[in-house]
Structure formats: structure tokens, C-alpha cells
Amino acid sequence: FWSNFGAAIKSPDVRFFSLIHMAAMLLAVTVITIGSAKAKRATKDIEKFKTVLIWFSIALLIILAAIPWPFSPLAVRPYFR
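What comes next is a walk through the structure. (Residues numbered from 1 in each chain as written. Predicted model: local features only at pLDDT ≥ 70, side-chain atom pairs only at ≥ 80, totals over all residues. Heavy atoms only, no water.)

1. Quick word on the nonpolar core
Residues Ala24, Ala28, Val31, Ala59, Ile62 and Ala66 constitute the largest nonpolar core, which totals six residues. Elements with a minimum of two residues in this core: helix 2 (12-41) and helix 3 (45-66). Those residues in contact with Ala66 that sit more than four places away from it in its chain are Phe16, His21, Ala24 and Met25. (Core = buried A, V, L, I, M, F, W, Y, C linked by side-chain atoms within 4.5 Å. Buried < 20%, exposed > 50% of the residue type's maximum accessible area, 1.4 Å probe, protein only. Helix = DSSP H or I, 4+ residues; strand = E, 2+ residues; numbered from the N terminus. Contact = heavy atoms within 4.5 Å.)

2. Points about helix 3
One full turn of an α-helix is made of 3.6 residues, so residues set three or four places apart face in the same direction. Between its first and last C-alpha atoms helix 3 spans 31 Å; for 22 residues at 1.5 Å apiece the expected length is 32 Å, and the two agree. Within helix 3, the full set of buried residues consists of Thr51, Ala59, Ile62 and Ala66. Along helix 3, the residues classed as buried sweep out an arc of 50 degrees about the axis, all on the same side. Structural note: helix 3 exposes Ile46, Phe49, Lys50, Leu53 and Leu61 on the side pointing more than 90 degrees away from its buried face. (Expected span 1.5 Å × (residues − 1). Arc of directions from axis to C-beta.)

3. What about the packing of helix 2 against helix 3?
For the pair helix 2 and helix 3, interaxial distance at closest approach is 9 Å and the crossing angle is 175 degrees. Between helix 2 and helix 3, the angle falls in the class roughly antiparallel. Residue composition of the contact of helix 2 with helix 3, by class: 17 nonpolar, four polar and two charged. (Axes fitted to C-alpha atoms, helices over the stretch in contact; angles between N-to-C directions. Parallel < 35°, antiparallel > 145°, perpendicular 65-115°, else oblique. Nonpolar A, V, L, I, M, F, W, Y, C, P; charged D, E, K, R; others polar.)

4. Side note on a nonpolar patch on the surface
A cluster of nonpolar side chains, contributed by Leu60, Leu64, Trp69 and Phe71, occupies part of the molecular surface with about 410 Å² of accessible area. Structurally, Leu60 can be placed in helix 3. Taking relative accessible area as the criterion, Leu60 reaches 47% and is therefore assigned partly exposed. (Patch = residues over 30% accessible without salt bridge, like charges linked within 9 Å, V, L, I, M, F, W, Y side chains within 5 Å. Areas by Shrake-Rupley, 256 points an atom, 1.4 Å probe, with all protein chains shown as cover. Salt bridge = Lys/Arg side-chain N within 4 Å of Asp/Glu carboxyl O.)

5. Let's talk about the environment of Val52
Mapping Val52 onto the fold places it in helix 3. Relative accessible area serves as the criterion here: at 27%, Val52 is assigned to the partly exposed category. Spatially, the C-alpha atom of Val52 lies 8.4 Å from that of Ile32, the residues being 20 residues apart in sequence. Residues in contact with Val52, not counting those within four places in the same chain, are Ala39 and Ser57.

And the structure:
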């Protein structure tokens, strides 16, 4: 991917697996880390649980969007190889 970036970025499958998937998963890990840090700083339990719910739900949505589902328009993959 990095050696021939111009040609690789034009292919949807290569672009998804080498750029989009990796960036989205790193973003999800970052969101989880931020949510965990904010929850540790909260004083009341209800605030902690609400913070964790919101931040972890956002991270879960990012992870689910970055999975190469067979029906996804980002990556064309069959159910079985």
C-alpha cells in the first residue's frame, strides 16, 4: 500500500483494509480511552455509568461501521471464501 499509494488508493478494497479500517479501529480505541478517563474522573456512580455508556456506545458504532460486512458498500466480501 505505502510503496504504490497512488494506485492502491484507487482500489476500494485495498483502500478500505489498509486505510479506513485501520484508522477507524485506532479512532475507536482512542474514544474508549477518553471515555474511560472521563469516567474515572466523575464523582458520582450515575455520572460514571452514563459517561461510559455514551463513550463506549460511540466506539461500538465506529467498530461496527469499520467491520468488512458482506453487505457493506465499503468492502466487497463474500460470506464464504
